[in-house]
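Descriptive structure summary
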Amino acid sequence: METKLHTFLNSNLLNKYLVGEASYEETKEVEFFISNYPEAAEAYEKLQNNLEIIAKAGAVDVPKHILGNILDALEEKNDTKVIQLVQHRKTPWYSIAATAAAVLFAASTFFLYQKNKNLLDENNVVIDEIYDLRSDIEKNNNMLSELSSELNRLNDPDARKYIISGNDRAKDLKTVAYINPVEKTSMIDVIKLPELPEDQHYQIWAELQDRMVNLGILDESDRKLKQIPYMEDALALSIKIGKDGEETNENNTEVAEISLKEK
């Protein structure tokens, strides 16, 4: 009989019985060995505990309607009734199936959540790019509007153009002044300014009847039309060299001059 017990334990009948796949004859054989041999009962109990540990490790809450559907399906297909021994607790295989379904449901839910999150992240990136594009378009439109406004000022029939060239001290100097006595606006376009020592800079001055007025500093790095104060009764414009922190209107620092008087 020990040989039969050894053969039984080495067979797959306990596993088949545990998961509900044993035939009627196999079920009777398994229950016979479990009832009469402590070794078989112990092996069955060990297999059952291991299966419960695995099931609990992967178990998650499953929606009631899914579990109900699984139970209904099992009741319709499981026509064979197997009488189980009262003294041995067996995990119903529909419980294992429900656990597997719950795990599958959780995995599917997580996959859909992750996919939806990725799509949301991509949408946010696209939205940010659209906002950046709109911002760039707005900046370009503002630049074009400003340029158009400047061109309109330059092409205004009332605007007068004065080319200011350098003297022997700054032969390469060249700027253009645009003065509109009707609109009362003045602009200057820096074309070329010879390089100066670091502590010096170019200043533009307006000559009035009784005084000289400093209209600001000129810098070649600012290569665009620059608004300067409009002087109603200016007789001339001149460019002089000044030092940082100092203001000068001395004639010996003058490098360019243009008369604004009507000829």
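These remarks concern the structure in this document. (Residues numbered from 1 in each chain as written. Predicted model: local features only at pLDDT ≥ 70, side-chain atom pairs only at ≥ 80, totals over all residues. Heavy atoms only, no water.)

Concerning the overall build of the chain
The number of helices and strands found in the chain is six helices and eight strands. Listed N to C, the secondary structure of the chain is α-α-α-α-α-α-β-β-β-β-β-β-β-β in terms of helices and strands. When each of the 263 residues of the chain is scored for burial, the buried share is 29%. When contacts within the chain are restricted to residue pairs at least 6 apart in sequence, long-range pairs at least 24 apart make up 60% of them. When the accessible surface of the chain is summed, it comes to about 18,200 Å², and 53% of that surface belongs to carbon and sulfur atoms. (Helix = DSSP H or I, 4+ residues; strand = E, 2+ residues; numbered from the N terminus. Buried < 20%, exposed > 50% of the residue type's maximum accessible area, 1.4 Å probe, protein only. Contact = heavy atoms within 4.5 Å. Areas by Shrake-Rupley, 256 points an atom, 1.4 Å probe, with all protein chains shown as cover.)

Points about the environment of Leu18
By the element assignment, Leu18 lies in helix H2 (residues 13-18). Taking the relative accessible area as the measure of exposure, Leu18 reaches 4% and is therefore buried. For the pair Leu18 and Leu51, spaced 33 residues apart in sequence, the C-alpha to C-alpha distance is 8.9 Å.

Some thoughts on the sheet that holds strand E7 (residues 236-243)
In spatial order, the strands read E5-E4-E7-E8; together these four strands make up an open sheet with antiparallel pairing. The open sheet terminates on both sides in strands that have one partner only, identified here as strand E5 (212-218) and strand E8 (254-259). Strand-to-strand twist across the sheet, computed as the mean angle between neighbouring axes with direction ignored, equals 25°. Both strand E4 (residues 200-207) and E7 contribute to a ladder of eight bridges, which runs antiparallel. Among the inter-strand pairings, Tyr202 is bridged to a residue of E7, identified as Ile241. (Pairing = 2+ DSSP bridges. Axes fitted to C-alpha atoms, helices over the stretch in contact; angles between N-to-C directions.)

Notes on unusual backbone geometry
The phi angle of most residues is negative, glycine excepted, and most peptide bonds adopt the trans form. For Lys184, which is not a glycine, the phi torsion comes out positive at approximately 55°. With respect to the helices and strands, the residue Lys184 is situated in the loop between strand E2 (174-180) and strand E3 (185-192). On the basis of relative accessible area, Lys184 is assigned to the partly exposed category, the value being 44%.

Side note on the pairing of E3
With seven bridges connecting them, E2 and E3 associate as antiparallel partners. The partner of Ile179 across the bridge, within E3, is Ser186. The hairpin turn running from E2 into E3, its antiparallel successor, is four residues long, and Lys184 in that turn takes a positive phi close to 55°. With four bridges joining them, E3 and strand E6 (residues 225-228) adopt antiparallel strand pairing.

Digging into the packing of aromatic side chains
Scanning the entire structure with this criterion turns up four aromatic pairs. Aromatic rings pair up to connect Phe8, Phe32, Phe33 and Tyr37 into one cluster. It is Lys240 that lies over the ring of Trp205; its NZ or CZ is 5.4 Å from the centre. (Phe/Tyr/Trp six-rings, centres within 6.5 Å; stacked < 30°, edge-to-face > 60°. Lys NZ or Arg CZ within 6 Å of the ring centre and 35° of its normal.)

Details of helix H3 (residues 24-36)
A rise of 1.5 Å per residue sets the reference length of H3, with its 13 residues, at 18 Å; its end C-alpha atoms lie 18 Å apart and thus fit the reference within 8%. Turning to H3, its buried residues are Glu26, Thr27, Val30, Glu31, Phe33 and Ile34. Down the axis of H3, the buried side of the element spans an arc of 160°, and every buried residue falls inside it. Every exposed residue of H3 that faces more than 90 degrees away from the buried side is listed here: Tyr24 and Glu25. (Expected span 1.5 Å × (residues − 1). Arc of directions from axis to C-beta.)

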